[in-house]
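Working through the structure, step by step
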Amino acid sequence: MFSYDDVKAARERIEGRVRPVAVARAAEGWSFALEHLQHTGTFKARGALNFTTAALESGAMPAAGITIASGGNAGLACAWAATQRGIPATVFVPETAPAVKLDRLRELGAEVRPVGREYAEAAAACAEFAAESGALASHAYDHPLIAAGAGTLLDEIVAARPTVTTVVVAVGGGGLFTGVAAAAAEHGIRVVAVEPENCRCLNAALAAGEPVDVPVDSVAADSLGARRVSAEALRWAGMPHVSSVLVSDEVIVAARRLLWREHRLAVEHAAAAALAGAPEAGPGEEVCVVLCGANTDPRSLVD
């Protein structure tokens, strides 16, 4: 089972290759972990680099390199990590993926293969390619090496702000949450897992007692729109130091605008979701909100 030992091993693999998170004091009892400044604009660079490096170290990286189905942040992170380690990356995306993301993937050195109109079709093509070519298939969130890389963020937060008592993270499929929850347990820190009301795979799994498929319909669905949470995320969500919170799209949009208006931080809706669900800081407490990504159009923040 996934544990803090996995996070420690990831920290050793990726140290010096990712940007250490900057943690800024936002107000009394509040701080922001500025992970949106990470390579490729999201925390996912950590997990992708850990996954790739571990495969190289173990001799499991094939000549065909690595492949993933994702037109979003996970694909960008995979392409970046592959470039860092000098291996080929093949990224399958839906034909509807925005041109700006396709261009960025190619800039990062990936071979981009548009397939079908929906993610499921791209994922099927990716699986077929992996079987035929021998390429190593990566995943956006449901893999221990991906979660472990993401969890290194918590250790850096603690090193920068030892006064932090609660960390708030947005949850999609659960990779970031799983890693952070495991590391937070080691440091005695509470974790608040925030999801949009209509992208609630973790919250629904908690209610059902097992991972279940959920509808996806939110302003933050581009990053938090997983239909099913990972089993490890559900296990960690049941720990006593974790709480699950749901927020409306309206509150997410307002939080994103507040971050721009008051702090001049341009983040994607997934990052704003964490702030939208953050609890008040009690006496002697410090709440750290993880701003997990910045792959957004800043023009949408201008009134």
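Presented here is a report on the structure given in the accompanying data block.

**A few points about the overall build of the chain**
Looking only at helices and strands, the chain has 12 helices and 10 strands in total. Relative to the globule expectation of 19 Å for 303 residues, the C-alpha radius of gyration of the chain, 18 Å, shows essentially globular dimensions. Counting only C-alpha atoms and orienting by the principal axes, one finds that the chain spans roughly 60 × 45 × 40 Å. The proportion of buried residues among the 303 residues of the chain is 53%. Counting every atom, the chain has about 12700 Å² of accessible surface; 51% of that belongs to carbon and sulfur. Here the chain contributes 25 positively and 35 negatively charged side chains, and the mean placements of these two sets differ by 4 Å.

**Some thoughts on the pairing of strand β8 (residues 190-196)**
The buried fraction of β8 is high, at 6 of 7 residues. Inspection of the sheet shows β8 paired to strand β9 (residues 242-247) by 6 bridges, in the parallel sense. Each bridged residue has a counterpart across the sheet, and for Ala-193 the counterpart in β9 is Ser-244.

**Concerning the pairing of strand β3 (residues 66-69)**
Residue alternation in β3 divides its side chains into two sets, Ile-66 and Ile-68 and Thr-67 and Ala-69, and both sets are buried. When β3 meets strand β4 (residues 89-93), the two strands line up parallel, connected through 4 bridges. By the bridge assignment, Ile-68 is partnered in β4 with Val-91. Strand direction decides the pairing type here: β3 and strand β6 (residues 136-137), joined by 2 bridges, are parallel. Bridge pairing in β6 links Ile-66 to Leu-136.

**Describing the pattern of salt bridges**
By the definition in use, this model includes 13 salt bridges. Here Glu-28 and Arg-25 are joined by a salt bridge, their closest N and O atoms 2.9 Å apart. Neither residue differs from the other here; Glu-28 and Arg-25 are each classed as exposed. With its nearest N and O atoms 2.8 Å apart, the salt bridge here joins Arg-235 to Glu-232. Residue Arg-235 and its partner Glu-232 are both found in helix α10 (residues 231-237); the two are separated by 3 residues, about one turn of the helix. The exposure class assigned to Glu-232 is partly exposed, which follows from its relative accessible area of 24%. Beyond isolated ion pairs, a larger network of salt bridges with shared partners links Glu-35, Arg-46 and Glu-156.

**As for the sheet that holds β6**
Strands in a sheet are paired, the pairing made by backbone hydrogen bonds, and the direction either parallel or antiparallel. One open sheet holds the 4 strands; their spatial order is β5-β4-β3-β6, and the pairing between them is parallel. Single-partner strands in this sheet number two, and they are β5 (111-114) and β6. Across 4 bridges, β4 lies against β5 in parallel orientation. Its bridge partner being in β5, Thr-90 is matched across the sheet by Glu-111.

**What to know about the environment of Glu-262**
Residue position: Glu-262 is located in helix α11 (residues 249-263). Put simply, Glu-262 and Ala-64 are 198 residues apart on the chain and 47 Å apart in space, counted from C-alpha to C-alpha. Here Arg-261 takes part through its side chain, which lies 3.3 Å from a polar atom of the side chain of Glu-262.

**Focus on α11**
Every α-helix carries 3.6 residues per turn, so stepping three or four residues along brings you back to the same face. Between its first and last C-alpha atoms α11 spans 21 Å; for 15 residues at 1.5 Å apiece the expected length is 21 Å, and the two agree. Among the residues of α11, those classed as buried are Ile-252, Ala-255, Arg-256 and Leu-259. The arc that holds every buried residue of α11, seen down its axis, measures 100 degrees, which confines them to one face. The exposed set on the far side of α11, more than 90 degrees from its buried face, consists of Glu-250, Arg-261 and Glu-262. Its buried side turned inward, α11 meets β2 (30-33), β8, β9 and α12 (269-276).

Cut-offs and rules
All residue numbers refer to positions counted from 1 along the written sequence of the respective chain. Reporting of local features is limited, given that this is a predicted model, to residues whose pLDDT is at least 70; pairs of side-chain atoms are given and counted only at 80 or more, and all residues count toward the totals for whole chains, interfaces and linings. Where side-chain values are given, they derive from all heavy atoms of the structure, hydrogens and water being excluded. The way it works is that DSSP assigns letters per residue, a run of H or I at least four long becomes a helix, a run of E at least two long becomes a strand, and they are numbered from the N terminus. In this treatment the radius of gyration is a C-alpha quantity, and the globule benchmark scales as 2.2 Å times the residue count to the 0.38 power. In this scheme, a residue with accessible area under 20% of its type's maximum is buried, one over 50% is exposed, and one in between is partly exposed, where area comes from a 1.4 Å probe on protein chains only. Using the Shrake-Rupley algorithm and a 1.4 Å probe, accessible areas are obtained, with residue cover drawn only from the displayed protein chains. Within this scheme the basic residues Lys and Arg register as positive and the acidic residues Asp and Glu register as negative, but His and the chain ends are omitted. Each charge is placed at NZ for Lys, CZ for Arg, CG for Asp and CD for Glu. Strands are treated as partners if at least two bridges between them are detected by DSSP. Take a side-chain nitrogen of Lys or Arg and a carboxyl oxygen of Asp or Glu: if they are within 4 Å of each other, that pair is a salt bridge. By the criterion applied in these results, polar contacts are pairs of N or O atoms within 3.5 Å in which, for protein atoms, one can donate a hydrogen and the other can accept it, and in which residues neighboring in sequence qualify only through two side-chain atoms. What a helix should span is 1.5 Å times the count of its residues minus one. The directions from the helix axis to the C-beta atoms form the arc being described. Any two residues having at least one pair of non-hydrogen atoms within 4.5 Å are treated as being in contact.

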